[in-house]
Amino acid sequence: MATLIGGLGSSHVPSIGAAMDKGLTQTDDWKPFFDGIGPGRDWVAANRPDVAVVVFNDHGNSFFLDKVPTFAIGCAERYDPIDEGWGPRAIPSFEGHADLGWHVVDRMVENRFDPMIVQEIEVDHGLQVPMELFFGKPETAWPVRVVPVFVNVIQYPIPLPSRCYELGQVLRRAIESFPGDERVVVIGTGGLSHQLQGARAGFTNPEADREFLRDIAANPGRLAALSREDYVRLFGSEGAELMMWLVMRGAMDPEVVVKHSHYYVPASMTGAGMLVLENRAA
Ligand code: DHB
Ligand code: FE
């Protein structure tokens, strides 16, 4: 059976990708953020996953507001990076793991989650940027296959934090019942605190972000019990993306070890973080 070897968390700020594209990672603005990602990359290189299950939200790029699934699972053999308006980026397409995608859908349905099934879609910065942060920018091919898990945190009503946590528990059972020998990581993306629009545009909350990074490892029940309104209040309207880290955390054991944690604010308009968790039993 496939093995879950770790849970990773990462912001997905698009200008992190642009900074890497333009060779700006060592500028005064970006160096403090990029200085903290090395241990995450090293962990991935040392632990050699075969598959990344990437929990992220599309930002109106592939799903516009006319059609927004609450939860959707990628069951495609390939995902092209979408052009978000600045032209195509020089990164390879993502090879999918369709069999694992279908298996996840099946386990979700059996557990009374009823996701949308996606067989053709392009993926935006929500998936691209965390992949680049953990795996680096490959010349030809990414070293892992991906299963995208789309969560709606854009069009209200968005799902409950507790529901996201439960989805992670189902994801864990799906991974561990998949007939294969793949080594799998689950990546939760988005956040940390940011608000890109409205009266609180520019809002960040470093104190709440640091508490989140601590409790997502040590006390995820507290974060799963918060309301959607709590997420918006504490982390900003776009900071509600942090609910997707609960999917990742729900896939892990109750007891985890923090292998790496990094926080820097602001990256663009966002409190930016990276986290690497292993199950304590492992
Ligand atoms: C920014 C952050 C995001 O999570 C996002 O999806 C878009 C922009 C930002 O801080 O610029
Ligand atoms: Fe986002």
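Residues numbered from 1 in each chain as written. Chains lettered and ligands numbered in written order. Predicted model: local features only at pLDDT ≥ 70, side-chain atom pairs only at ≥ 80, totals over all residues. Heavy atoms only, no water.

A. A look at the packing of helix 7 (residues 206-218) against helix 9 (residues 228-235). It is at 9 Å that the axes of helix 7 and helix 9 come closest, and there the two elements cross at 125°. The angle between helix 7 and helix 9 places the two elements in the oblique class. Touching A208, D209 and F212 of helix 7 are Y231, L234 and F235, all from helix 9. Within the contact of helix 7 with helix 9, the residues separate by chemical class into 5 nonpolar, no polar and 1 charged. (Axes fitted to C-alpha atoms, helices over the stretch in contact; angles between N-to-C directions. Helix = DSSP H or I, 4+ residues; strand = E, 2+ residues; numbered from the N terminus. Parallel < 35°, antiparallel > 145°, perpendicular 65-115°, else oblique. Contact = heavy atoms within 4.5 Å. Nonpolar A, V, L, I, M, F, W, Y, C, P; charged D, E, K, R; others polar.)

B. Representation of the environment of V153 in the model. Relative to the helices and strands, V153 resides in the loop between strand 8 (145-151) and helix 6 (161-176). Judged by relative accessible area, which is 6%, V153 ranks as buried. The sequence separation of V153 and T140 amounts to 13 residues, and the corresponding C-alpha distance is 32 Å. Discounting chain neighbours no more than four positions away, the residues touching V153 are N57, I158, A240, E241, M243 and M244. (Buried < 20%, exposed > 50% of the residue type's maximum accessible area, 1.4 Å probe, protein only.)

C. Structural view of the coordination of the iron ion (ligand 2). Around the iron ion (ligand 2), the protein contributes the donor atoms H12 (NE2), H59 (NE2) and E241 (OE), at 2.0 to 2.2 Å from the metal centre. Counting gaps between the donor residues of the iron ion (ligand 2) yields the pattern H-x46-H-x181-E. One end of the pair, H12, is in the loop between strand 1 (3-10) and helix 1 (14-21); the other, H59, is in the loop between strand 2 (51-56) and strand 3 (71-74), and 47 residues separate them in sequence. For H59, a relative accessible area of 23% translates into the label partly exposed. (Donors = N, O, S within 2.8 Å, 3.2 Å for Na, K, Ca; no water.)

D. Quick peek at the nonpolar core. Ranked by internal contacts, the top residues of the largest apolar core, which has 53 residues, are V53, V186, Y231 and W245. Discounting chain neighbours no more than four positions away, the residues touching Y231 are P161, F212, L223, A224, L226, G236, A240, L242, M243 and L246. In terms of nonpolar packing, the next biggest core, distinct from the first, is built from 40 residues, F63, V123, V129 and F134 among them. (Core = buried A, V, L, I, M, F, W, Y, C linked by side-chain atoms within 4.5 Å.)

E. Main features of the site of ligand 1. If you check the shell around ligand 1, you find H12, V13, P14, H59, H125, H194, L196, E241, A267, S268, M269 and T270 and nothing else. The side chain of H12 places a nitrogen or oxygen atom 3.2 Å from an oxygen atom of ligand 1. A breakdown of the residues in the shell around ligand 1 according to their chemical character gives 5 nonpolar, 6 polar and 1 charged. (Near = heavy atom within 4 Å. Polar contact = N/O pair within 3.5 Å; in protein donor to acceptor, adjacent residues only side chain to side chain.)

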